[in-house]
Amino acid sequence: MSDHDPAARTFRFTDLRKVFGAGQSSGRQFGILGALVAIIVLFQVLTGGKTLDPINLLNLVNGNAYVLILAIGMVMVIIAGHIDLSVGSVAAFVGIIVALSISSWHWPWPFALLLGLGVGALVGAWQGFWVAYVGVPAFIVTLAGMLIFRGANQFVGNSTSVGLPAGNSFAFIGSGYLPDPAWGVQLNLWTVVLGGLAALAVIVREVVGRRRLGRMGAEVAPRWVSVTKVAVLVAVIAATTYLFAHGPVNTSFPIAGLILVALVIGYSFLSNRTIIGRHIYAVGGNWRAAELSGVKIRRVNFFVMMNMSIIAALAGEMWVARAAASGPGDGIGWELDAIAAVFIGGAAVSGGIGTIVGSVVGGLVIAVLNNGLALLGVSSDRVQIIKGLVLLIAVGVDVYSKRQGRPSIIGRFQRRSAMAESDDSSTADSDARR
């Protein structure tokens, strides 16, 4: 359908699906994103405007970066049909090694950073070997890993905290910000530039996508759909950029946020545009069919487990950088937050379904809940109860609908839209025959 075709300018209810994608994963992401916006608005009202205060936003990103980073690795594990209970212990184990290498062994922090990632890779290879080549279920392997590496953390650190030297540059990756050059305006220049690049990327991606569909001869959504989509996304980027750039002097977009954005872009490309990404989805969806299709099941399982431990190592390093210390209590409960973020973000319990962006949005839901309830003075025990209920409801509604043989709420909407589109096509064919 051409943009110059009058039919393309006619409003159809089915075109609403195309504003944020028509696929199941897009629908899930849109629903979770809507829930996140609703939660932010709710806490913004209840806290008297404190939720979207620039200082609070900076603390929210820096304080929850480890959960969001862990969710990126965990969603790939869950898509492949596994689970990893050891990420908190692996992060703590790597954290104590990095802290010792800087404070006691006097290593330069870049070498300490690489050492931590190397240790994470070795731990992942160890666990991946048991899962992929020995055949032990990942639940058992990582449960054992949770105990082993928690004990290893206490053994290496003698069950005491190890602090970083004062003024060490390693803290920059956990609590640093983009530089704040003076340009005569109370807005951080580099944050504004970053926001502008993000808005430009959204526009270019939409234009390139439309042209590619046109060259392929596929149906192109009406132009107003693309304009609406781009306008909404650019407005969100502009508002976010303003909030982060309008903070106090020398505090702008956090370095932890930059690392998170880079990981989201990189792993989204890996999962959607590479062979290994397609194989991960295939293994989680139906590993027997994937194996018959030539997918190397063992290699895929080994990869997702090793990758998860590397991501956990990075999360542990960023935690140490922010806290300027590592101790025996680090990482406790992190695996639960990461798993909750993935399932809230729309991943299927049975595997085969999930997205990087959806998991990060699910992690943001948990982060905003933690932050908003803390601002309201809710006790930690009630926070845990509320988070557990949110996870249970998010997964339970979808599972119940499937067991009853009905699609989820989003699925019902998509099915009605598909039926309406089919009716439109049938009517058009009838008119043509007449």
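This text follows the structure it describes.
This report concerns the structure included in the present document. Just so it is clear, the structure is predicted and the values come from calculations on it, not from any experiment.

## Observations regarding the packing of aromatic side chains
What describes a pair of aromatic rings is the distance from one ring centre to the other and the angle between the planes of the rings. Here the structure, examined in full by the defined rule, presents 11 aromatic pairs. Arranged with centres 5.7 Å apart and planes meeting at 70°, the rings of Trp-126 and Trp-130 form a pair that is edge-to-face. Of this pair, Trp-126 and Trp-130 both sit in helix H4 (residues 109-134), four residues apart, roughly one helical turn. Residue classification places Trp-130 among the partly exposed residues on the basis of a relative accessible area of 32%. Residues Trp-319 and Trp-334 carry aromatic rings whose centres are separated by 5.3 Å and whose planes lie at 70° to one another, so their mutual orientation is edge-to-face. On the criterion of sequence distance, the pair formed by Trp-319 in helix H12 (residues 297-323) and Trp-334 in helix H13 (residues 334-344) is long-range, its members being 15 residues apart. The exposure class of Trp-319 is partly exposed, given its relative accessible area of 28%.

## Description of a nonpolar patch on the surface
A cluster of nonpolar side chains, Trp-126, Phe-129, Trp-130, Tyr-133, Val-134 and Ile-148, forms an exposed patch at the surface whose accessible area comes to about 580 Å². Here the nonpolar patch takes five residues from H4, the largest share from any one element.

## Let's talk about empty space enclosed by the protein
Going through the model one piece at a time under the given rule, you end up with two cavities of 30 Å³ or more. If you add up the space inside the largest cavity, you get close to 50 Å³. Looking at the largest cavity, the residues that line it are Asn-62, Ala-65, Tyr-66, Gly-174, Ala-256, Met-318, Trp-319 and Arg-322. For the lining of the largest cavity, the secondary-structure elements that each account for two or more residues are helix H2 (54-79) and H12. Across the lining of the largest cavity, the residue classes tally to five nonpolar, two polar and one charged.

## Looking at the pattern of salt bridges
Counted under the stated rule, the structure contains two salt bridges. Residue Glu-206 is joined to Lys-229 by a salt bridge in which the shortest nitrogen-to-oxygen separation is 3.4 Å. Separated by 23 residues along the polypeptide, Glu-206 in helix H7 (residues 189-216) and Lys-229 in helix H8 (residues 223-245) bring together distant segments of the chain. A single burial state applies to Glu-206 and to Lys-229, both of which are buried. Ionic pairing is found between Lys-387 and Asp-337, a salt bridge with its closest N-O pair at 3.1 Å. Taken together, the residues Lys-387 in helix H15 (residues 380-403) and Asp-337 in helix H13 connect sequence positions 50 residues apart. Neither Lys-387 nor Asp-337 differs from the other in exposure class; each is buried.

## Examining the environment of Asn-153
Within the secondary structure layout, Asn-153 lies in helix H5 (residues 138-156). Accessibility expressed as a relative area gives 2% for Asn-153, which makes it buried. Beyond its immediate sequence surroundings of up to four residues, Asn-153 is in contact with Ala-92, Phe-93, Ile-96, Gly-327 and Pro-328. A distance of 2.8 Å separates a polar side-chain atom of Asn-153 from the backbone oxygen of Ala-92.

Criteria and thresholds
- Residues numbered from 1 in each chain as written.
- Predicted model: local features only at pLDDT ≥ 70, side-chain atom pairs only at ≥ 80, totals over all residues.
- Heavy atoms only, no water.
- Phe/Tyr/Trp six-rings, centres within 6.5 Å; stacked < 30°, edge-to-face > 60°.
- Helix = DSSP H or I, 4+ residues; strand = E, 2+ residues; numbered from the N terminus.
- Buried < 20%, exposed > 50% of the residue type's maximum accessible area, 1.4 Å probe, protein only.
- Patch = residues over 30% accessible without salt bridge, like charges linked within 9 Å, V, L, I, M, F, W, Y side chains within 5 Å.
- Areas by Shrake-Rupley, 256 points an atom, 1.4 Å probe, with all protein chains shown as cover.
- Salt bridge = Lys/Arg side-chain N within 4 Å of Asp/Glu carboxyl O.
- 1 Å grid on protein atoms, 1.4 Å probe; cavity = no way out; pocket = protein on both sides within 12 Å on 5 of 7 lines; lining within 4 Å.
- Points joined across faces, edges and corners; volume = space filled by probe spheres on them.
- Nonpolar A, V, L, I, M, F, W, Y, C, P; charged D, E, K, R; others polar.
- Contact = heavy atoms within 4.5 Å.
- Polar contact = N/O pair within 3.5 Å; in protein donor to acceptor, adjacent residues only side chain to side chain.

By themselves, these figures tell us nothing about what the structure is for.
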